[in-house]
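Structural features, examined
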Amino acid sequence: MIDETMKIPQHVAIIMDGNGRWAKAHKVPRQLGHKEGCQTLEQTVEDAARLGIKYLTVYAFSTENWKRSEEEVSALMQLFRFYAKRLLGIAKTNNVRVRMIGERSRFAPDLVEAIGRLERETQQNTGLTFVIAVNYGSRDEMVRAGRRMLADAAEGRLKPEELTEQVFSDYLDTAGMPDPDLLIRTSGEERLSNFLLWQLAYTEFYFTDIYWPDFNKEELEKAIAYYNGRDRRFGGRNEA
Ligand code: FPP
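Residues numbered from 1 in each chain as written. Predicted model: local features only at pLDDT ≥ 70, side-chain atom pairs only at ≥ 80, totals over all residues. Heavy atoms only, no water.

With that settled, consider the site of the ligand. Taken together, 18 residues sit near the ligand, with D17, G20, R21, R30 and R68 positioned nearest. Here G18 contributes a backbone N or O atom positioned 3.4 Å from an oxygen atom of the ligand. At a separation of 3.0 Å, an oxygen atom of the ligand approaches a polar backbone atom of G20. Contact with the protein chains hides 91% of the accessible area of the ligand, taken as 630 Å² for the molecule alone. Among the detected pockets, the ligand sits in the largest pocket. Breaking the shell around the ligand down by element, the ones donating at least two residues are α1 (19–25), α2 (30–51) and α3 (70–93). (Near = heavy atom within 4 Å. Polar contact = N/O pair within 3.5 Å; in protein donor to acceptor, adjacent residues only side chain to side chain. Areas by Shrake-Rupley, 256 points an atom, 1.4 Å probe, with all protein chains shown as cover. 1 Å grid on protein atoms, 1.4 Å probe; cavity = no way out; pocket = protein on both sides within 12 Å on 5 of 7 lines; lining within 4 Å. Sits in = over half its atoms within 2 Å of the grid points. Helix = DSSP H or I, 4+ residues; strand = E, 2+ residues; numbered from the N terminus.)

In this section: the sheet that holds strand β6 (residues 204–207). Across a sheet, strands are paired by hydrogen bonds formed along the backbone, either parallel or antiparallel in direction. Strand order in the open sheet formed by six strands is β3-β4-β2-β1-β5-β6, and the pairing between neighbours is parallel. Single-partner strands in this sheet number two, and they are β3 (97–101) and β6. Direction aside, the axes of adjacent strands within the sheet are offset by 20° on average. Inspection of the sheet shows strand β1 (residues 11–15) paired to strand β2 (residues 55–62) by five bridges, in the parallel sense. In the strand pairing of β2, I14 is matched with V58. Of the strands in this sheet, β1, β2 and β4 (129–136) are in contact with α2, which crosses β2 at around 165°. Sheet strands touched by α3: β2, β3 and β4. Its angle to β2, the strand with the most contacts, is close to 160°. (Pairing = 2+ DSSP bridges. Axes fitted to C-alpha atoms, helices over the stretch in contact; angles between N-to-C directions. Contact = heavy atoms within 4.5 Å.)

To continue, consider the layout of surface pockets. Of the pockets and cavities examined, the largest pocket occupies roughly 810 Å³. Lining the largest pocket we find 41 residues, and of these M16, N19, Y59, A60 and N65 sit closest to its centre. If you list the elements that add at least two residues to the lining of the largest pocket, you get α1, α2, β2, α3, α4 (109–122) and β4. A breakdown of the residues in the lining of the largest pocket according to their chemical character gives 23 nonpolar, ten polar and eight charged. Size it by volume and the second largest pocket reaches roughly 320 Å³. Lining the second largest pocket are 15 residues; nearest its centre among them are E165, S169, D179, W198 and Q199. When its residues are assigned to classes, the lining of the second largest pocket shows seven nonpolar, five polar and three charged. (Points joined across faces, edges and corners; volume = space filled by probe spheres on them. Nonpolar A, V, L, I, M, F, W, Y, C, P; charged D, E, K, R; others polar.)

Summed over all chains, the structure comprises 21 salt bridges. Of the charged contacts, one joins E42 and R86 as a salt bridge, the two residues approaching to 2.6 Å between their closest N and O atoms. A residue pair is termed long-range when its members are at least 10 positions apart, and E42 in helix α2 and R86 in helix α3 qualify at 44 residues. Classification of R86 by relative accessible area gives partly exposed; the value is 38%. As a salt-bridge pair, R157 and E155 come within 3.4 Å of each other at their nearest N and O atoms. Look at R157 and you get exposed, because its relative accessible area is 53%. What makes E155 exposed here is its relative accessible area of 58%. Salt bridges linked by common partners bring D17, R21, R185, E189 and R191 together as one network. (Salt bridge = Lys/Arg side-chain N within 4 Å of Asp/Glu carboxyl O. Buried < 20%, exposed > 50% of the residue type's maximum accessible area, 1.4 Å probe, protein only.)

Tracing the chain through its elements places A133 in strand β4. Sequence separation between A133 and A114 is 19 residues, and the spatial gap between their C-alpha atoms is 15 Å. What A133 contacts, discounting residues up to four positions off in sequence, is V58, Y59, A60, F61, I101 and F195.

Here we come to unusual backbone geometry. Located in the positive-phi region is K27, a residue other than glycine, with phi close to 55°. Take K27: its relative accessible area is 78%, and that puts it in the exposed class. Phi is positive for N95, which is not a glycine, with a value near 60°. Its place among the elements puts N95 in the loop between α3 and β3. When its relative accessible area of 30% is taken as the criterion, N95 is described as partly exposed.

Shape descriptors only; they carry no functional weight alone.
This is the structure we're talking about:
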């Protein structure tokens, strides 16, 4: 499906939705849906790296997700623990640099340490940058950024007239990263759910009915083909 004339988006963002519905459809516990979702994610990281995508950002746990049952939250935390270790190996094998966005201090200390280790030990890798949004909410990110701007202003490090879109971007968790070119959301929902509100200003959106555990390379390529069609028609973001 992908041919050499196609433009590979530099940055792909994904809202991985539908693990619960996948589990229900297969008559298995929700946790199993999340487990399958993790495997899909692992495969997607490898596929994205091979396709030459430079940044892949995924929404793994939102600030809203704490409201889920204690059982589900703790199962997700266990999965993060397990995958944080596995990811280190995958990242090393595939030259992937891992970065986390979101407010991580709410996580258990061992998980915060595992996240830090993952970032530290992969920071020299030069292939795909894999960005995982955990305890992430776009409004929360902007409020945290605003607080730091105000603190800098109070200390005389930032003047009101110096605040530009670029400077604002540099206060966000995504500082230094290009904005996403393509956003994919699975499972038929067509909402942003507080994901990257600032960064998605000019992004093309691709929605598919497939549940996240069923997402695969073919689906990723379909999304890229769609992006190419949009990009050709509108001439890219500069003319948006
Ligand atoms: C949405 O499905 C998915 C989540 C809330 C969690 C996504 C997390 C993963 C796939 C694991 C990521 C793992 C790592 C290590 C980063 P849902 O439960 O909202 O599904 P539903 O809408 O069908 O109920």
